[in-house]
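Here are the chains, one letter per residue:
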Amino acid sequence: MTSVVVMAGGKGTRIRPLTFSRPKPLVPVANRPILDYIIQRVIDSGYSKIIMTLGYLEDQISSYVSSRYPDLDFRFSSEKKPLGTAGGVRAAASDMDETFIVLSGDVLFDLDLQQMVSFHRKKNALVTVALTPVDDPSHYGIAVLDDDGRITRFHEKPSPEEVFSKIANAGIYVMEPEIFDYIPEGNSDFSADIFPVLIEENRGVYGFVFSGYWNDAGKPDTFLKANHDTLNGQITPQPEGKLLNEVPGRFGDIWVGQDVVIGEGVRIAGPVVIGDGAEIDDGAFVGRETVIGPGVYVGSDSFVRGSVIFDGSRIEEGSQLVNCVIDEFCDIRENCIVERCAIIGRGALLEPSTIIRSHCSVSNNLRILSGSLLDSDYPIVAEQ
């Protein structure tokens, strides 16, 4: 039976502070951990044997998947020190004697894995790399294919003058166990260390190009996009909750959980998801592509659009949130403004009339004094 290896050991530094208190695969997208979407894709493709490479906050992941998916066959491989993508897979799966799939624990996709495995076997490949078109290839490995689909050229994270392709490595692989003959013990990376050598030696590295959905959700802007795309139906499964239709003062798809309270004069423009036990107070506006987590309070006359608010946070009266991320148990006091791609860390307090500019972050459990204007990631703050 084909096994699936999910690489889930990274620290998620690009999306801090969300990953200070949880591993990146457990960061929620539309009120559901990223890992749920990946495992559901594995299940939908007909696979049930999953090996997970773990490192950072590993107990959270192993506990979550063991309780959430009791019928799946999980095995965990713990990295005491970072081993990289190739080194981690070697440590986790070097005893396998069958074709296997490798997935990244923070990538959302709709690729048909069985179709990719069939392509791999037809080509008698050692490695097949899923490739997808991208606008900016500077953050990825890029490839050139010959007429048979064999990768003839590959370069990891090219500078602008080095870009020779806009077909990027999607972080999804099908491999034969012979790959371990080429992976040394210790730390190594598939894209930087292993693939270029295999391609140079013509060992049978093929590219499987697909044009379906793909999103590396490990950055603030791509994380927000993942939430928006889920609400817009580009990622499955759809948000949990009862779907409301044709409710006065509300339009678009609106998913509402249990025990939700919506006050007088509230306007909601979907797509929006509202988690269990949330409360939207009188006169608030909740605009399209907003995710409101369980137990969230949105105060009267506040304005929220395109934002993601995690469990248990409070947004007080008159505040404005646009395309930002609020971690769980935050307290956003009256008349605050949080702008695009800003991230407010778990348990942070923004006192009244605070402004957080675009792309800034506030670390966990910090207090930002009333009337502050934050335009960098290093504010002068006092601990709570």
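Residues numbered from 1 in each chain as written. Predicted model: local features only at pLDDT ≥ 70, side-chain atom pairs only at ≥ 80, totals over all residues. Heavy atoms only, no water.

Trainee: I'd like a rundown of the sheet that holds strand β16 (residues 254-256), residues and numbers included.
Mentor: Spatially, eight strands are ordered β14-β16-β19-β22-β25-β28-β31-β34 in an open sheet, and the strand pairing comes out mixed. Where the open sheet ends on each side, the last strands, each with one partner, are β14 (242-244) and β34 (361-362). Judged from the two bridges that link them, strand β22 (residues 290-292) and strand β25 (residues 308-309) form a sheet pairing that is parallel. Residue pairing in the sheet places isoleucine 292 in a bridge with isoleucine 309 of β25. (Pairing = 2+ DSSP bridges. Helix = DSSP H or I, 4+ residues; strand = E, 2+ residues; numbered from the N terminus.)

Trainee: Just give me the short version of a negative patch on the surface, but keep the residues and values in it.
Mentor: Judged by side-chain charge, Glu264, Glu279, Asp282, Asp301, Glu317 and Glu334 come together as a negatively charged surface patch. Of note, glutamate 279 is situated in strand β20 (residues 279-280). (Patch = residues over 30% accessible without salt bridge, like charges linked within 9 Å, V, L, I, M, F, W, Y side chains within 5 Å. Areas by Shrake-Rupley, 256 points an atom, 1.4 Å probe, with all protein chains shown as cover. Salt bridge = Lys/Arg side-chain N within 4 Å of Asp/Glu carboxyl O. Lys, Arg positive; Asp, Glu negative; His and termini not counted. Charge placed at Lys NZ, Arg CZ, Asp CG, Glu CD.)

Trainee: For helix α1 (residues 34-44), give the residues involved together with the corresponding values.
Mentor: In terms of burial, α1 is largely enclosed, as eight of its eleven residues are buried. Residues of α1 that are buried: Ile34, Leu35, Asp36, Tyr37, Ile38, Ile39, Arg41 and Val42. (Buried < 20%, exposed > 50% of the residue type's maximum accessible area, 1.4 Å probe, protein only.)

Trainee: Please give an account of unusual backbone geometry that cites residues and values.
Mentor: With an omega of 0°, the peptide bond between threonine 236 and proline 237 qualifies as cis. Looking at where proline 237 falls in the secondary structure, it is placed in the loop between α6 (220-231) and β14. In this structure, the amide linkage connecting glycine 270 to the following residue, proline 271, adopts the cis form with an omega of 10°. Residue position: proline 271 is located in the loop between β18 (267-269) and β19 (272-274). With a phi angle near 60°, cysteine 341 is a residue other than glycine that sits in the positive phi range. Relative to the assigned elements, cysteine 341 resides in the loop between β30 (337-338) and β31 (343-344).

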